[in-house]
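Letter by letter, the chains look like this.
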Amino acid sequence: MVATTPTEISPMPRKMTRKNARVLFERLSQADPSPQTELFFKNPFTLVVAVALSAQATDEGVNKATKTLFQIADTPEKMAALGEKKLGGYIKTIGLWRNKAKNVILLSQKLIDEFDSIVPQTREELETLPGVGRKTANVVLNVAFGQPTMAVDTHIFRVGNRTGLAPGKNPLEVELGLEKIIPDDFMLHAHHWLILHGRYICKARKPECWRCGIEDLCGFTNKVMSDEKPKPKKAKKKLANTPKLRTTATKKSTKKKTVKRKAKI
Ligand code: SF4
């Protein structure tokens, strides 16, 4: 964690101030000046394919499959020639592989037919490719073409909301909020800083706030300040022995039994 003088930080509001957002990105950039995508790719085309395959899958899982695939198919022509069935054989370990294989073949063919086999550099054009949505387009523009876009995935959505950087009900709201608050000079790498922070520190189930370098800037109200495992709960046993619960339950069952006995008589 980079030292910050108290005067640098104003009291934390729910929505983070621009001043604190700058401090936040200064710290993330100092900790990792040149963040990189963890997805394996060889050129803009293989990046489009890798990002399209990564939907609802881990980068690690995608890399295992694409390591071999991209050795034999790293251009739209080679990928289209492979065909859906053979491609499926390479990506079977990735979730939703059938649909993804279909889209990769279709997008390869579209690149050949309409873009001279060159990956376009605008979001609008990228979004016309099968299987490419706003998030994939933003990743490609940022990583392959160095554009300051913000692709909101599950990690960035969580971090944007928890910290108060850009609270939003859906990815687009968070994306637009982040674009507003992130200082221009940090925008190019902001996507990776936030993803890596969400993946390794601000984890979904148990955020590691006790070792988070931006903890004092973060507006999350349920911070986890210790890595100790919660002690096993004994409360359940106690609860079962409380007179009130026993009395209620016993009263009911006794009443029923009495009614039954009366009926028999
Ligand atoms: S303090 Fe906790 S909730 Fe806030 S960004 Fe850090 S890890 Fe996430």
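A. A look at the overall build of the chain. A tally of regular secondary structure across the chain gives twelve helices and zero strands. Scored against the burial criterion, the 265 residues of the chain give a buried share of 33%. A separation of at least 24 residues holds for 57% of the contacts in the chain among residues at least 6 apart in sequence.

B. Helix α2 (residues 44-53), seen in detail. Extensive coverage of α2 is indicated by the burial of nine of its ten residues. Buried within α2 are the following residues: Phe 45, Thr 46, Leu 47, Val 48, Val 49, Ala 50, Val 51, Ala 52 and Leu 53. Where α2 is buried, its residues touch α3 (59-72), α4 (76-91), α5 (97-114) and α7 (134-145).

C. Molecular detail of α4. End to end, α4 covers just 17 Å across 16 residues, shorter than the expected 22 Å (1.5 Å per residue, more than 12% under). Helix geometry: α4 is bent most strongly at Gly 83, by close to 100 degrees. Pro 76, Met 79, Ala 80, Leu 82, Leu 87 and Ile 91 are the residues of α4 that are buried. As for α4, its buried residues are in contact with α2, α3 and α5.

D. A look at the packing of α3 against α4. Two numbers describe how α3 lies on α4: the axes approach to 11 Å, and their chain directions differ by 155 degrees. Taken together, α3 and α4 sit at an angle that is classed as roughly antiparallel. Relative to α4, α3 is oriented so that their crossing is right-handed. For the pair α3 and α4, the contacting residues are Ala 65, Thr 68, Leu 69 and Ile 72 in the first and Lys 78, Tyr 90 and Ile 91 in the second. When grouped by side-chain class, the residues that make up the contact of α3 with α4 number five nonpolar, one polar and one charged.

E. Focus on unusual backbone geometry. For Asp 116, which is not glycine, the phi torsion reads 50 degrees and is therefore positive. You will see that Ser 117, though not glycine, has its phi angle at about 65 degrees, which is positive. Note on placement: Ser 117 falls in the loop between α5 and α6 (123-126). Accessibility expressed as a C-beta count within 10 Å gives 14 for Ser 117, which makes it partly exposed.

F. Up close: the nonpolar core. By size, the foremost hydrophobic cluster in this structure holds 60 residues, and its most contacted members are Val 48, Val 104, Val 140 and Leu 178. Of all the elements, α2 adds the most residues to this core, at eight residues. The residue makeup of this core includes at least three contributed by each of domain 1 (6-33 + 150-217) and domain 2 (44-145). Setting aside residues no more than four positions away along its own chain, Val 104 makes contact with Val 49, Ala 52, Met 79, Leu 87 and Gly 131.

G. Structural view of the environment of Lys 169. Its place among the elements puts Lys 169 in the loop between α8 (154-163) and α9 (171-181). Taking the C-alpha atoms as reference points, Lys 169 and Phe 157, separated by twelve residues in sequence, lie 9.0 Å from one another.

About the criteria used
Residues numbered from 1 in each chain as written. Predicted model: local features only at pLDDT ≥ 70, side-chain atom pairs only at ≥ 80, totals over all residues. Helix = DSSP H or I, 4+ residues; strand = E, 2+ residues; numbered from the N terminus. Buried ≥ 20, exposed ≤ 12 C-beta atoms within 10 Å, placed from the backbone. Contact = placed C-beta atoms within 7 Å. Expected span 1.5 Å × (residues − 1). Bend = angle between axes of the 7 residues up to and from the residue. Axes fitted to C-alpha atoms, helices over the stretch in contact; angles between N-to-C directions. Parallel < 35°, antiparallel > 145°, perpendicular 65-115°, else oblique. Left-handed = near helix turned anticlockwise from the far one by under 90°. Nonpolar A, V, L, I, M, F, W, Y, C, P; charged D, E, K, R; others polar. Core = buried A, V, L, I, M, F, W, Y, C linked by C-beta atoms within 7 Å. Domains from an automatic or database assignment.

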